[in-house]
Number of protein chains: 2
Amino acid sequence: MADAYAGRRERLREHCGASGADAALITRAANVRYLTGCPPCGATLLLTRDRAVLALPDDLPPDDTGEHLIAPDVTRLPVPAGTDTALAAASAVARLGVAGLAVEEHDLTVTRHRAVAGLAERVRLADVGQAVERLRVVKDEHEIADLRIAAEIADQALGELLESILVGRTERHLAMELERRMIDHGADRAAFPVSVGTGSHSGQQAHQPTDRRVEEGDFLTVVLGARYRGYGVSTARTFVIGAAPAPWQVELHRLVFRAQRAAREALGPGVEQCVPDQSAREILRAAGHTEGSPHPIGHGIGLEIREAPRLGPTDMGKLDSRVPVTVGPGVHLPGRGGVRIEDTLVVRPLDEGGPELLTITTKELLAL
Amino acid sequence: MADAYAGRRERLREHCGASGADAALITRAANVRYLTGCPPCGATLLLTRDRAVLALPDDLPPDDTGEHLIAPDVTRLPVPAGTDTALAAASAVARLGVAGLAVEEHDLTVTRHRAVAGLAERVRLADVGQAVERLRVVKDEHEIADLRIAAEIADQALGELLESILVGRTERHLAMELERRMIDHGADRAAFPVSVGTGSHSGQQAHQPTDRRVEEGDFLTVVLGARYRGYGVSTARTFVIGAAPAPWQVELHRLVFRAQRAAREALGPGVEQCVPDQSAREILRAAGHTEGSPHPIGHGIGLEIREAPRLGPTDMGKLDSRVPVTVGPGVHLPGRGGVRIEDTLVVRPLDEGGPELLTITTKELLAL
């Protein structure tokens, strides 16, 4: 892995060099991790032409959180706990002979930026923009392997839940149980708070679990994802509680299933980002379902749960191979509930078998 | 409560007026909540001389997360999901005849600040600084009532855990069980990830729970807090597993207990912020325990888990009445473990009975 981190840093150096900066100050946690392996802890990476200096709090618990994950060719600069690591790194800039420093203006607050500028005297500040985020879009096979494990963990937790008795349990309890099961199966933690919505709460995008109890005849929507070695996935399924789903439930589930399949099948290298969303939306619209302000059907996923590329109805740009994305349309009928079905997939060319489905729990309308 | 929010906004208006701005753009989630009641959702408050406009995402789940918590005299400006609410609010600025706009430069990134400036044409931008954070330091009795309930919830969860069998269970499981119990008892959620450290992990500040199992003879340190209506507390206790603590355990626990008591007793209106820390540190130092880079012994607590004032060894300024703070010294002996004892208390004058202890679980060295 040390080689992978070094290669990523080299690509960032090339980017900075091309824009006239001879160093970069990376503060965004996911970007620091991508370039050094360091888990989120408030660390800052100062990358010069020949050095990688990681300013990190000196009170990291040594034995259990990640000191050993940091690439060995990165120089540690321990910073007293409570001190801003970006400022500690900026103080080292002049000493290292830096002339132009590219910073992450989308991450630094105005106040921190001003403090960095004050410390990095006689150094020209520039904006590195989303350069690291762009490097992160296409994943290597190590990253995809971690995503596969994260997906397996989510699938296992969900599978176990489906075998248990659900009627009478609250959304909150089911959500907590899923989080516990994912940790039991080896997740770092849940990639985001698990959402469980039942009855009129089902089918929503980010329903916050309540004390509502699962009842016979309910739709039950579960949105979950595990994080493994920093990499997260997201998946959603909708089931029905009881023996016989109502006709409207069967119909709505079939519709969302078809829309989600169309979007999945539209994924491929060279495909425009808006196409999967349009494919699904067309099917939902033909059945009379339209949203006020349309949510994108999906987005890139990796070290952050929502990262580039965005798969919205008006997003430009083409998909690449080895880009993991979510695909998750849904329909929510106010007062009645709804259906949401989401997968995490990796974009692959047809000669590699087409899109690789990571979250493999069945999308059938199970009656539980 | 609507009156309380209006009163807080009026004080912020006075602050802005004094510094020559006729409007403020508040983006920091805890500050938005303090001024409007709106739970964290990416909302932005635009406060002009005569209006309070809250730009908030239009996809907030209506029935379960907080729309009803927003003060009724605040005007809603729904913003399409995925759009930056600060930019939506900034677009309204010119229309509302604002000449000078104070923004939170410690919250806005350079990129967002630039975008706000671009949208708020012909409006002079200024920095409102930590004005709202300063308003938040002294709590009103409604806020303290919520903190009391948050503390009760944490105490209940901890009390129940102490009655269960602990040997053989992992730190992760115990931490998850505490989070579940707090939610069962009515918490919004855990105020921060519960920390459970056993054996050599005990006594640490922010130990991330591992799969290590509780063993006979271990120290067990639990750091937890509930959040109730947005207000969080923090408490830590250290126990010993098994019938008879070892002499070094008894001695270390007694030492940290004494240090923590000294810091608690030092709290009072008019007391310098550094005094509680110094009181505790003196006792620890006399016993030969010193830290490399000293953590502050505590800090303010409320809508954020760590807010002003900081109670570090060199912090200037005086404590006020009705300021809730944490007081939590600890000693960790690498390889052996340690003791941490933390409470949340409200600073009160002697004629109101002195510091009000919110987290009342016993601090005795229980053998479990």
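Source: prediction; values computed, not measured.

## A few points about the state of the cysteines
All names here are of chain A. In the structure shown here, the tally under the stated rule is 0 disulfides over all chains. C38 takes part in no disulfide bond, and the closest cysteine sulfur, belonging to C41, lies 3.7 Å away. The exposure class of C38 is buried, given its relative accessible area of 1%.

## Description of the environment of G300 of chain B
Residues and elements named next belong to chain B. Among the secondary structure elements, G300 is positioned in strand β13 (residues 298-300). Spatially, the C-alpha atoms of G300 and L54 are 27 Å apart, while their sequence positions differ by 246 residues. With sequence-adjacent residues up to four places away left out, G300 is seen in contact with I305, R306, E307, A308, P309, P324 and V325.

## A closer look at helix α4 (residues 110-119) of chain B
Within the span of α4 of chain B, buried status applies to V110, H113 and V116 of chain B. All buried residues of α4 of chain B project into a common sector of 120° when viewed along the axis, lining one side. Here the buried face of α4 of chain B lies against α4 (110-119) of chain A together with β1 (23-26), α3 (85-95), β5 (100-103) and β6 (124-127) of chain B.

## With respect to the packing of aromatic side chains
Residues and elements named next belong to chain A. A complete count under the given rule lists 2 aromatic pairs over all chains for this structure. Consider the rings of F219 and W248, whose centres lie 5.5 Å apart with planes at 80°: the pair is edge-to-face. Of this pair, F219 sits in strand β9 (residues 219-224) while W248 sits in helix α8 (residues 247-266), placing them 29 residues apart in sequence. Look at F219 and you get buried, because its relative accessible area is 2%. When the ring centre of Y34 is taken as reference, the NZ or CZ atom of R8 above it lies at 4.1 Å.

## A look at the pairing of β1 of chain B
Residues in a regular strand project their side chains so that they alternate between the two faces of the sheet. Residue and element names in this part refer to chain B. Burial of β1 is two-sided: the residues A23 and L25 facing one way and the residues A24 and I26 facing the other way are all buried. Taken together, the 3 bridges between β1 and β5 define a ladder with parallel strand orientation. If you follow L25 over to β5, its bridge partner there is V103. Alignment of β1 against strand β2 (residues 44-48), held across 4 bridges, turns out to be antiparallel. Each residue of the ladder has a partner; that of A23, found in β2, is T48.

## Here we look at the relation of the copies chain B and chain A
Superposing chain B onto chain A takes a rotation of 180° plus a shift of 0.0 Å along the axis, which leaves an RMSD of 0.0 Å. Each copy turns onto its partner about a two-fold axis. It is T109 of chain B whose C-alpha, among those of chain B, lies nearest the rotation axis, at 1.9 Å. The overlap is high: 100% of the interface residues of chain B also sit at the interface in chain A, so the same surface is used on both sides.

## Thoughts on the pattern of salt bridges
Side chains that differ in sign of charge can pair as their charged atoms come close. Here the structure, examined in full by the defined rule, presents 56 salt bridges over all chains. R348 of chain B is paired through a salt bridge with E356 of chain B; the nearest N and O atoms lie 2.9 Å apart. When salt bridges with common partners are traced through the structure, they connect R28, D107, E133, R136, K139, E304 and E307 of chain A into a single cluster.

## A word on the sheet that holds strand β2 (residues 44-48) of chain A
Residues and elements named next belong to chain A. Read from one edge of the open sheet, 6 strands run β4-β3-β2-β1-β5-β6, paired in mixed fashion. Two strands lie at the open edges of the sheet, namely β4 (75-79) and β6 (124-127), each paired on one side alone. Along the sheet, successive strands turn relative to each other by an average axial angle of 25°, direction set aside. Against the sheet, helix α3 (residues 85-95) makes contact with β1 (23-26), β2, β3 (52-57), β4 and β5 (100-103), and its axis sits at roughly 20° relative to β2, the strand it touches most.

## Section: the sheet that holds strand β11 (residues 231-232) of chain A
Residue and element names in this part refer to chain A. With antiparallel pairing, 3 strands are arranged side by side in an open sheet as β7-β10-β11. A strand with exactly one partner marks an edge of an open sheet, and here the two such strands are β7 (189-190) and β11. With 2 bridges connecting them, strand β10 (residues 226-228) and β11 associate as antiparallel partners. In the sheet register, Y228 faces β11, and the bridge partner there is Y231.

## Structural notes on the interface of chain B and chain A
Tallying the contact residues gives 35 residues for chain B and 35 residues for chain A. In total, chain B and chain A occlude about 2,600 Å² of area from one another, counting both sides; carbon and sulfur atoms represent 52% of this. Between chain B and chain A we count 2 salt bridges in total. Here chain B and chain A share 14 residue pairs in polar contact (both at pLDDT 80 or more) between them. Only α4 and α7 (171-184) of chain B provide two or more residues apiece to the side of chain B that touches chain A.

## Quick word on unusual backbone geometry
Peptide bonds are trans in most cases, and residues, glycine excluded, mostly fall at negative phi. In this chain, A308 of chain A is followed by P309 of chain A through a cis amide linkage whose omega measures 0°. Along the chain, the position of P309 of chain A falls in strand β14 (residues 307-311). Its identity is not glycine, yet R229 of chain A carries a phi of approximately 50°, on the positive side. For R229 of chain A, the position within the fold is in the loop between β10 and β11. Non-glycine residue R322 of chain B carries a positive phi angle of around 65°. Structurally, the position occupied by R322 of chain B is in the loop between β14 (307-311) and β15 (324-327).

## Things to note about the packing of α8 of chain A against helix α9 (residues 274-286) of chain A
Residues and elements named next belong to chain A. Contact geometry of α8 with α9 gives a least axis separation of 8 Å together with a crossing angle of 155°. The angle between the axes of α8 and α9 places the two elements in the roughly antiparallel class. Crossing angle aside, the handedness with which α8 passes α9 is right-handed. Residue-level inspection shows L255, V256, R258, A259, A262, A263 and A266 of α8 in contact with α9, the latter providing V275, P276, S279, A280, I283 and L284. Of the residues contributing to the contact of α8 with α9, the split by class is 11 nonpolar, 1 polar and 1 charged.

## Brief notes about the side chain of H207 of chain A
All names here are of chain A. As for its placement among the helices and strands, H207 is situated in the loop between β8 (195-198) and β9. Judged by its relative accessible area of 2%, H207 falls in the buried class. Within the structure, H207 has its side chain in polar contact with the side chain of E171 (distance 2.8 Å). Among the polar contacts made by the side chain of H207, one reaches the side chain of Q204 at a distance of 3.2 Å.

## A word on the domain arrangement of chain A
All names here are of chain A. Partitioning chain A into structural domains gives domain 1 (2-135) and domain 2 (141-357). Here domain 1 and domain 2 have C-alpha centroids that lie 34 Å from each other. In this assembly, 5 residues from domain 1 lie in contact with 6 residues from domain 2. The contact between domain 1 and domain 2 buries some 500 Å² in all, and 54% of this surface belongs to carbon and sulfur atoms. The largest per-residue losses of area from domain 1 upon contact with domain 2 belong to A30, R33 and Y34, which jointly make up 63% of the total buried on that side. Taken together, the links from domain 1 to domain 2 amount to 2 salt bridges. Put simply, E304 and R28 hold a salt bridge, and the shortest N to O gap is 2.8 Å. Between the two partners, domain 1 and domain 2, sit 1 residue pair in polar contact (both at pLDDT 80 or more). Per-element accounting of the side of domain 1 that touches domain 2 gives the leading share, 3 residues, to helix α2 (residues 29-36).

What counts, and at which threshold
Residues numbered from 1 in each chain as written. Chains lettered and ligands numbered in written order. Predicted model: local features only at pLDDT ≥ 70, side-chain atom pairs only at ≥ 80, totals over all residues. Heavy atoms only, no water. Disulfide = S-S within 2.5 Å. Buried < 20%, exposed > 50% of the residue type's maximum accessible area, 1.4 Å probe, protein only. Helix = DSSP H or I, 4+ residues; strand = E, 2+ residues; numbered from the N terminus. Contact = heavy atoms within 4.5 Å. Arc of directions from axis to C-beta. Phe/Tyr/Trp six-rings, centres within 6.5 Å; stacked < 30°, edge-to-face > 60°. Lys NZ or Arg CZ within 6 Å of the ring centre and 35° of its normal. Pairing = 2+ DSSP bridges. Least-squares fit on C-alpha atoms with pLDDT ≥ 70 in both. Salt bridge = Lys/Arg side-chain N within 4 Å of Asp/Glu carboxyl O. Axes fitted to C-alpha atoms, helices over the stretch in contact; angles between N-to-C directions. Buried area = accessible area lost by both parts, 1.4 Å probe. Polar contact = N/O pair within 3.5 Å; in protein donor to acceptor, adjacent residues only side chain to side chain. Parallel < 35°, antiparallel > 145°, perpendicular 65-115°, else oblique. Left-handed = near helix turned anticlockwise from the far one by under 90°. Nonpolar A, V, L, I, M, F, W, Y, C, P; charged D, E, K, R; others polar. Domains from an automatic or database assignment.

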